[in-house]
Amino acid sequence: MSTFDDLADRYRINKGKTFRLEDIDPGDTGKVKSQEKATELLQKSVQLMGELQEKLYAQDRWSLLLVFQAMDAAGKDGTIKHVLSGVNPQGCQVTSFKAPSDTELDHDFLWRTTCALPERGRIGIFNRSYYEEVLVVRVHPNFLAGQKLAPELVGDGIWKERFEDIRNFEGYLGRNGVITRKFFLHVSKEEQRKRFLARLTEPKKNWKFSANDVKERAHWDEYMEAYEDMIRHTATKDAPWYVVPADNKWFTRIVVAGAIIDALQSLDLHFPKVSKTKLKDLAAAKHALLNEN
Ligand code: ATP
Ligand code: MG
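Here goes a summary of the coordinates provided. Please read all numbers here as calculations on a predicted model, not as lab measurements. (Residues numbered from 1 in each chain as written. Chains lettered and ligands numbered in written order. Predicted model: local features only at pLDDT ≥ 70, side-chain atom pairs only at ≥ 80, totals over all residues. Heavy atoms only, no water.)

**What about the overall build of the protein chain?**
In plain terms, the rule: Helix and strand definitions here come from DSSP, where helices need a minimum of 4 consecutive H or I residues and strands a minimum of 2 consecutive E residues; each element is numbered from the N-terminal end. Using a 1.4 Å probe on the protein chains alone, a residue whose accessible area is under 20% of its type maximum counts as buried, one over 50% counts as exposed, and one in between counts as partly exposed. Working rule for contacts: check all heavy atoms of both residues, and any pair within 4.5 Å makes them a contact. For accessible areas, the Shrake-Rupley method is used with a probe of radius 1.4 Å. Any residue's cover is judged against the shown protein chains and nothing else.
A tally of helices and strands in the protein chain yields 13 helices and 6 strands. On the principal axes, the C-alpha backbone points of the protein chain span a range of 75 × 50 × 40 Å. The buried share of the protein chain, reckoned over its 293 residues, is 47%. Taking all contacts inside the protein chain whose residues are at least 6 apart in sequence as the whole, residues at least 24 apart take part in 83%. Total accessible area on the protein chain stands at roughly 16000 Å², and carbon and sulfur atoms take up 51% of it.

**Notes on the side chain of Asp213**
Inspection of the secondary structure assignment puts Asp213 in helix H10 (residues 211-217). A relative accessible area of 10% means that Asp213 is categorised as buried. Filtering out sequence-adjacent residues up to four positions away, Asp213 remains in contact with Asp72, Phe196, Arg199 and Lys208.

**What to know about unusual backbone geometry**
Backbone geometry follows two general trends: most residues other than glycine have a negative phi, and most peptide bonds adopt the trans configuration. Although it is not a glycine, Arg128 adopts a positive phi angle of roughly 70 degrees. Within the fold, Arg128 resides in the loop between strand S4 (123-127) and helix H6 (136-139).

**Points about the packing of helix H8 (residues 158-175) against helix H11 (residues 220-234)**
Rules: For helices, the axis comes from a line fit to the C-alpha atoms of the stretch in contact; other axes are also lines fit to C-alpha atoms, and the angle between any two N-to-C directions lies between 0 and 180 degrees. Orientation is classified from the angle alone, with under 35 degrees giving roughly parallel, over 145 giving roughly antiparallel, 65 to 115 giving roughly perpendicular, and any other angle giving oblique. What makes a crossing left-handed is the near helix being turned counterclockwise from the far one by less than a right angle; a clockwise turn instead makes it right-handed. Note on residue categories: nonpolar means Ala, Val, Leu, Ile, Met, Phe, Trp, Tyr, Cys or Pro, charged means Asp, Glu, Lys or Arg, and polar means any other residue, Gly included.
At a minimum axis separation of 9 Å, H8 and H11 run at an interaxial angle of 45 degrees. When the axes of H8 and H11 are compared, the pair comes out oblique. Crossing handedness for the pair H8 and H11: right-handed. Residue-level contacts link Lys160, Phe163, Ile166, Arg167 and Glu170 of H8 to Asp229, Met230, His233 and Thr234 of H11. Along the lines of polarity and charge, the residues of the contact of H8 with H11 split into 3 nonpolar, 2 polar and 4 charged.

**Looking at the pattern of salt bridges**
Selection rule: Salt bridges are counted wherever a side-chain nitrogen of Lys or Arg sits within 4 Å of a carboxyl oxygen of Asp or Glu.
Under the counting rule described, the total for this entry stands at 17 salt bridges. Salt-bridge contacts for Lys37 lead to Glu40; the nearest nitrogen and oxygen are separated by 3.8 Å. Here Glu40 and Lys37 lie together in helix H2 (residues 35-59), a separation of 3 residues that amounts to about one turn. Assessed through its relative accessible area of 41%, Lys37 is described here as partly exposed. Overall, the relative accessible area of 40% leaves Glu40 in the partly exposed class. Each of Arg20, Glu22 and Asp23 takes part in one network of salt bridges that share partners.

**Quick word on the environment of Arg12**
Checked against the element boundaries, Arg12 lands in strand S1 (residues 12-13). Classification of Arg12 as partly exposed rests on a relative accessible area of 24%. For the pair Arg12 and Val243, spaced 231 residues apart in sequence, the C-alpha separation works out to 6.6 Å. Among residues more than four places away in sequence, those in contact with Arg12 are Arg181, Lys237, Pro240, Trp241 and Tyr242.

**Some points on the sheet that holds S1**
Quick reminder of the rule: Note: two strands are recorded as paired if DSSP finds a minimum of 2 bridges between them.
Taking strand neighbours across the sheet as the criterion, the 6 strands line up as S1-S6-S5-S2-S4-S3 in an open arrangement whose pairing is mixed. Bordering the open sheet on either side are S1 and strand S3 (92-96), each of which pairs with just one other strand. Here helix H3 (residues 76-83) sits on the sheet in contact with strand S2 (63-70), S3, S4 and strand S5 (178-186), set at roughly 150 degrees to S2. Each of S2 and S5 touches H8; the most contacted strand, S5, lies at about 135 degrees to it.

**Considering a nonpolar patch on the surface**
The criterion, for reference: Patch construction takes residues with relative accessible area above 30% that form no salt bridge. Like charges are linked within 9 Å, and nonpolar side chains (Val, Leu, Ile, Met, Phe, Trp, Tyr) are linked within 5 Å.
Together, Val274, Leu279 and Leu282 make up an exposed nonpolar region whose accessible area comes to about 250 Å². Here Val274 shows up in the loop between helix H12 (249-265) and helix H13 (276-290).

**Digging into the site of ligand 1**
Just so we agree on the cut-off: Whether a residue is near a molecule or strand depends on its heavy atoms: it is near if one of them lies within 4 Å of it. Here a polar contact means two N or O atoms within 3.5 Å. Within protein one must be a hydrogen donor candidate and the other an acceptor candidate, and residues neighboring in sequence count only if both atoms are side-chain atoms.
Taken together, the neighbourhood of ligand 1 is formed by 14 residues, with Lys98, Arg112, Arg128, Glu132 and Glu133 sitting nearest. A distance of 3.3 Å separates an oxygen atom of ligand 1 from a polar atom in the side chain of Lys76. Taking Lys98, its side chain carries an N or O atom lying 3.0 Å from an oxygen atom of ligand 1. Here ligand 1 has 630 Å² of accessible area as a free molecule, and 76% of this is covered by the chains. Those elements giving two or more residues to the shell around ligand 1 turn out to be H3 and H6. Residue classes in the shell around ligand 1 are distributed as 6 nonpolar, no polar and 8 charged.

**Concerning the pairing of strand S6 (residues 241-245)**
With respect to burial, S6 is a largely interior element, 5 of its 5 residues being buried. Alternating residues of S6 divide into Trp241, Val243 and Pro245 and Tyr242 and Val244, and every residue in both groups is buried. Two strands pair when backbone bridges link them, and S1 and S6 are joined in this way by 2 bridges, in the antiparallel orientation. From the neighbouring strand, Ile13 faces S6, where its bridge partner is Trp241.

**Thoughts on the nonpolar core**
Stated precisely, the cut-off is as follows: What is meant by a nonpolar core is a set of buried Ala, Val, Leu, Ile, Met, Phe, Trp, Tyr and Cys residues, joined one to another through side-chain atoms within 4.5 Å.
With 83 residues, the main nonpolar core has Met49, Tyr130, Tyr131, Phe183, Met230, Ile231 and Ile260 as its most contacted residues. If one sorts the elements of this core by residue count, H12 sits on top with 11 residues. Sequence-distant contacts of Ile260, defined by excluding residues within four places in its chain, comprise Met49, Leu64, Leu66, Val83 and Phe183.

Okay, here's the thing in structure tokens:
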């Protein structure tokens, strides 16, 4: 599976400091020359992921947190659907985070996502996450104003403070057996325009169109700055960001699949060893079944 490793590695950011968004082309398809090839790779990786997840679940030691962030229409939903199509639904939970409710606003900004963290042995998928707190909330100051924070807690340094809180939080998760991988699906402004137009013109896609998405598009440059700054401050070796080219959905999917397989293979996953006593019990049960009647 080395092809997968190489694929995702190119887009992995372990150290954010010098990261520049402009260095990653949303239209890049790496060494993968055709959609057919990508589909073949995806099928193989979906199967492998299913096998690895079975061990993750059986071993009940680690959990995997996958965070997805992107501009609208970048393909978060489709990526989650296709890439995780081979995993047992019982071992995986997807949670989508929208604008916070009144109850959620009465808590600290990491509260609602903490409640949704994957249990040991599971894969947890965050469709949007606590990173919205340094993205949409940064781009729209009215969201921050609605967070009921005391004025002395909202200084110029608030974004740096949130980055620090997030880094510490992810470090804490790591020390508790939660492996974090973060994906920014990097779509171009032109490709987003095309996808919005498709939502307007194709009847089957009409339901996906939201006038608000077009409003957010007007803030494109501010979002890109916020994403870049976020990655610079929160990409770490143990909780890296993958900045995934997203103009070709088939490519996005194999990069994400490769990164997930990488993460699972970095763990020493194995089925639990059965104890001697248990082996004895198994032998006795087998004997009893074979000798029924
Ligand atoms: P889709 O459009 O594919 O259904 P989505 O994730 O875009 O999925 P929407 O209901 O369209 O879902 O949008 C959710 C909105 O909630 C996004 O605009 C997002 O920025 C916003 N949101 C998420 N978290 C926060 C937050 N902490 N504060 C304010 N807004 C938030
Ligand atoms: Mg939306």
